[in-house]
There are 2 protein chains.
Amino acid sequence: MSEVISKSKLAKQAARTMGNLTTAQKNEALLLMADALLTEQQAIIEANGKDLQRGKELGTSASLLDRLALNETRIAAMAEGLRQIVELPDPIGDTLESFDRPNGLQIRKIRVPLGVIGMIYEARPNVTVDAAGLCLKTGNAVVLRGGSSALFSNEKIVEVLHGALTRSAVPADALQLILSADRSSVDEMLKLNGLIDVLIPRGGHSLIQNVVNNASVPVIETGAGVCHTFIDQSAQLDMAIRIGINAKAQRPSVCNSMETLLVHEAIAEQHLAAIAEAFQGVNVELRGDERARTLVPSMVVAEQSDWGTEYGDYILSIKVVQNLDEALTHIRTYGTMHSECIVTEDAGNAERFLQEVDAAAVYHNASTRFTDGFEFGFGAEIGISTQKLHARGPMGLPALTSTKYRIYGSGQIRE
Amino acid sequence: MSEVISKSKLAKQAARTMGNLTTAQKNEALLLMADALLTEQQAIIEANGKDLQRGKELGTSASLLDRLALNETRIAAMAEGLRQIVELPDPIGDTLESFDRPNGLQIRKIRVPLGVIGMIYEARPNVTVDAAGLCLKTGNAVVLRGGSSALFSNEKIVEVLHGALTRSAVPADALQLILSADRSSVDEMLKLNGLIDVLIPRGGHSLIQNVVNNASVPVIETGAGVCHTFIDQSAQLDMAIRIGINAKAQRPSVCNSMETLLVHEAIAEQHLAAIAEAFQGVNVELRGDERARTLVPSMVVAEQSDWGTEYGDYILSIKVVQNLDEALTHIRTYGTMHSECIVTEDAGNAERFLQEVDAAAVYHNASTRFTDGFEFGFGAEIGISTQKLHARGPMGLPALTSTKYRIYGSGQIRE
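Every residue gets a number counted from 1 within its own chain, in the order that chain's sequence is written. Throughout, the order in which chains and ligands are written sets their labels, letters from A for the former and numbers from 1 for the latter. Since the coordinates come from a predicted model, pLDDT governs what is reported: local features require at least 70, and pairs of side-chain atoms require 80 or more to be given and counted, while whole-chain, interface and lining totals use all residues. As a convention, hydrogens and water are excluded, and side-chain values are obtained from all of the structure's heavy atoms.

- In the annotation of an unreviewed UniProt entry, chain A is listed under the name Gamma-glutamyl phosphate reductase and assigned to Paenibacillus roseopurpureus.
- UniProt positions are given in the numbering used here, feature names are shortened, and annotations may be inferred rather than shown by experiment. Listed in UniProt under the heading Pathway (unreviewed entry), the comment for chain A reads: "Amino-acid biosynthesis; L-proline biosynthesis; L-glutamate 5-semialdehyde from L-glutamate: step 2/2."
- In its Function (unreviewed entry) section, UniProt records this for chain A: "Catalyzes the NADPH-dependent reduction of L-glutamate 5-phosphate into L-glutamate 5-semialdehyde and phosphate. The product spontaneously undergoes cyclization to form 1-pyrroline-5-carboxylate."

Now the structure itself:
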């Protein structure tokens, strides 16, 4: 039996216990996990050092090494993340609907765990801790398959967490880490219907597309964000610039940052120079369409391929549009249904934009950077769903649950 | 461009209009559709005759021909089904959550259509009408791919419905029927991410497994039901028999009917003969395990393969179990997480069963046959979900929707 199958079987078996634990039992385990991370932080940092060393030898970029690196501050943040999950309300067991039928049947719709969640993700070791905490709090077992670049770190972290779980009511088997760095271990997880209930991929475009295209296990797609901000004719210019700069440059590497700015022609003709200057002032490279470049010749030419690109960097494409309709068409054509914003003082245009744009989060006069579990008040998030099924947008604890109907009868049969 | 792609593109385009229609506009279209079915019933019956004729030539079984056959009564029922959908509340636009953040952002979670729903199904032409009605009411466009055995019927029905839609605000393109009977048209739908938002397969095991195993578009799995009834030691015998007979024999072909009866040994020793007699009295063939056959030698031997079989027929497997634990283990091993029942007077055992059995619907003292949209009071249903993601159990209108977050700001940026 392969590692993936044997560990998934253990997880499935543990999932049965998980669904019957009390909130207090799960919270106690989370606190023990947090404590253990701090107690064992030197061992974790040491293991992480091996990953960093190997990364350097393989010529990994400085920014990737930075995401991979652990230190006392980052481990403390991971432990604090677990403590925050303790504070979140436990959704399991909640009665979502309750109705009695004319024949006397009492039907109750109850929140239950999903069962076994498969997480497939890349470098950052904090995802290991976050995912473990969120899945266990919601009564799920979890099979983690992290990237090979963080393998030493992940292995040590899970060893530490297992140590904590053995002192709790949560079975240690509910937390499984796949050690095989071979691509085939991912392929195997994708087809493990019956043992894994749901897959959640987190990482770059090719990782997510591989899961979406090849999994027979149900998937919650997360990820790609080609987000737009549309500055409408009636926008307050200073607000538009403030929102645009924040959406682009506050943290360009994340999925809710802006990639394309759409500017109404009336604004563009008067103010595109000022807008461009503001972005250039925070070191953003601008790539404009023909009309934008006529107004601001210092912009690079935006190629056709720019409009669909998630730069994840200090680069912004700019297009001048005639009106709201042209902005809506552009977003429909190139957007990824993640987060989209209109800056306008025209209530009718705002309403049309919020109604017609098909995206997880649509904003009027606020930065797309707010699409985030913490910013929405959900606490830690397992990711941002970009699909329409099950969950859409930032996923809090309820996104990690299913439901079941409990029906109480007194001998009813169907006529 | 293939038929599947060109029709899916038309559906996607129509979906944009669909999401903005009022409830009144959608209801008017549904009533026009119902009227048109009645006005054109002779043409539909004529087209159906061609399907029946071809079915006979191909040697189709009498029961399948019966499911395929349309007459005035059945067409009236289809029209009535559409009128019932008119009466259901429209979930689109509902505000599901509403919260304001400390920074002043106002966040609203709103129900929106899924977009384009792909339905892949088999013989019964009433599914064509049901699916069209349910999808349009929820503001979705739908691409229907019915079985080749009902092709003439489905083509005429959709032609009639299109005629009705051209007199309504609902774009006729929102309803698409794939005419290609080639298997490749199904394969193509499975991979149409970006044009089809969700696939819902309805039909036999192999149809559903093909969709689940090969689709990259998100799927809502429906279908297979190997449902159990457990007669516990403290059960009222008459109630247990009444529920069992109903669960098995009221309509054996459907997914919520019982396939295996589990009997506590204390009951079995005293009453298995009476139980067997009751089932044999309604022409149910019994297949027993060794202990059951010792008590009632007239039973056929249940082979290992019987325990996982959805007979869909007047056949029942019977197993004598030592206690609740053995019943739970059997259900966990062979059940399909559809509908499971315990008949007991022991409140503690009932609670354990409802808590520990992992299924869409768990019953105490009532027939599993109640797992149904109408019986739950949801009105028409698009199917019964047997997966844990998005929807589980009978799917009413909300299962055909997604959500989006509308965020109202006044210039907020993220710190």
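Still more to cover.
1. Side note on the state of the cysteines
Okay, so step 1: We call a pair of cysteine sulfur atoms a disulfide when they lie within 2.5 Å. Applying the stated criterion across every chain yields a total of zero disulfides over all chains.
Okay, so step 2: Here C135 of chain A stays free of any disulfide, with the sulfur of C255 of chain A as its closest cysteine sulfur at 18 Å.
Okay, so step 3: Think of it in three bands: residues with accessible area under 20% of the maximum for their type are buried, residues over 50% are exposed, and the middle band is partly exposed, with areas taken using a 1.4 Å probe on protein chains only. Relative accessible area serves as the criterion here: at 0%, C135 of chain A is assigned to the buried category.
Okay, so step 4: No disulfide involves C255 of chain B; its sulfur sits 7.0 Å from the nearest other cysteine sulfur, which is in C227 of chain B.
Okay, so step 5: Overall, C255 of chain B belongs to the partly exposed group, its relative accessible area being 21%.

2. Notes on the relation of the copies chain B and chain A
Okay, so step 1: Mapping chain B onto chain A calls for a screw motion: a turn of 180 degrees about the axis and a shift of 0.0 Å along it, with 0.1 Å RMSD after fitting. On this basis, the relationship between the two copies can be described by a two-fold rotation axis. Relative to the rotation axis, the C-alpha of H390 of chain B is the closest in chain B, positioned 1.8 Å from it.
Okay, so step 2: Residues count as neighbours in contact if any of their non-hydrogen atoms are within 4.5 Å of one another. Of the residues that chain B buries at the interface, 99% are likewise interface residues in chain A, meaning the two copies contact each other through the same surface. Here the copies are matched by least squares. The fit uses the C-alpha atoms of residues with pLDDT of at least 70 in both.

3. Notes on helix α5 (residues 72-87) of chain B
Residue and element names in this part refer to chain B.
Okay, so step 1: A run of H or I in DSSP counts as a helix once it spans at least four residues, and a run of E counts as a strand once it spans at least two, with each numbered from the N terminus. Helix span, expected: 1.5 Å multiplied by one less than the number of residues in the helix. Compared with an ideal rise of 1.5 Å per residue, which puts 16 residues at 22 Å, α5 spans 23 Å between its outermost C-alpha atoms and is within 8% of the ideal.
Okay, so step 2: Listing the buried residues of α5 in full gives I75, M78, A79, G81, L82, I85 and V86. Buried residues in α5, looked at end-on, bunch into an arc of 155 degrees, giving them a common side. Opposite the buried face of α5, by more than 90 degrees, sit the exposed residues T73 and E87.
Okay, so step 3: Elements in contact with the buried residues of α5: α2 (23-39), α3 (41-57), α6 (126-137) and α7 (151-165).
Okay, so step 4: For the purposes of these results, a polar contact is taken to be a pair of N or O atoms within 3.5 Å, where, inside protein, one atom must be able to donate a hydrogen and its partner to accept one; residues adjacent in sequence count only when each atom of the pair is a side-chain atom. The residue sitting at the N-terminus of α5 and contributing the capping side-chain oxygen is N71; that oxygen lies 3.1 Å from the backbone nitrogen of T73. An arc is given here, and it is the one of the directions from the helix axis to the C-beta atoms.

4. Considerations on the side chain of N140 of chain A
Residue and element names in this part refer to chain A.
Okay, so step 1: Following the sequence through the fold, N140 ends up in the loop between α6 (126-137) and β4 (141-145).
Okay, so step 2: Of note is the side chain of N140, whose polar atom sits 2.7 Å from the backbone nitrogen of L114.
Okay, so step 3: Reaching out from N140, the side chain makes a polar contact with the backbone nitrogen of G115 at a distance of 2.8 Å.
Okay, so step 4: Excluding residues that lie within four positions of it along the chain, N140 makes contacts with M18, P113, L114, G115, I117, C135 and L400.

5. Quick look at the pattern of salt bridges
Okay, so step 1: What counts as a salt bridge is simple: a side-chain nitrogen of Lys or Arg found within 4 Å of a carboxyl oxygen of Asp or Glu. Taken as a whole and assessed by the stated rule, the structure comprises 44 salt bridges over all chains.
Okay, so step 2: Across the pair K109 of chain A and E97 of chain A runs a salt bridge, and its minimum N-O distance is 3.6 Å. On the criterion of sequence distance, the pair formed by K109 of chain A in strand β2 (residues 106-113) and E97 of chain A in strand β1 (residues 95-100) is long-range, its members being 12 residues apart.
Okay, so step 3: K109 of chain A sits in the buried class, given a relative accessible area of 17%.
Okay, so step 4: Classification of E97 of chain A by relative accessible area gives partly exposed; the value is 33%.
Okay, so step 5: Salt bridges sharing partners connect three or more residues here, namely D197 of chain A together with D358, K388 and R392 of chain B.

6. Section: the packing of helix α13 (residues 324-334) of chain A against helix α14 (residues 347-356) of chain A
In a pair of packed helices, the angle between the axes and the distance between the axes together describe the arrangement.
Residue and element names in this part refer to chain A.
Okay, so step 1: Axes here mean lines fitted to C-alpha atoms, for a helix over just the part in contact, with angles spanning 0 to 180 degrees between N-to-C directions. One way to put it is that α13 packs onto α14 with a least axis distance of 11 Å and a crossing angle of 20 degrees. Judged by the angle between their axes, α13 and α14 are roughly parallel. Crossing handedness for the pair α13 and α14: right-handed. Where α13 abuts α14, its residues L324, D325, L328 and I331 lie against N349, R352, F353 and E356.
Okay, so step 2: Polar here means any residue other than Ala, Val, Leu, Ile, Met, Phe, Trp, Tyr, Cys and Pro, which are nonpolar, and Asp, Glu, Lys and Arg, which are charged; Gly is therefore polar. Looking at side-chain class alone, the contact of α13 with α14 contains four nonpolar, one polar and three charged residues. For classification purposes, angles smaller than 35 degrees are called roughly parallel, those larger than 145 roughly antiparallel, those between 65 and 115 roughly perpendicular, and all remaining angles oblique. In this scheme, a crossing is called left-handed if the near helix is turned counterclockwise away from the far one by less than a right angle; it is called right-handed if the turn is clockwise.

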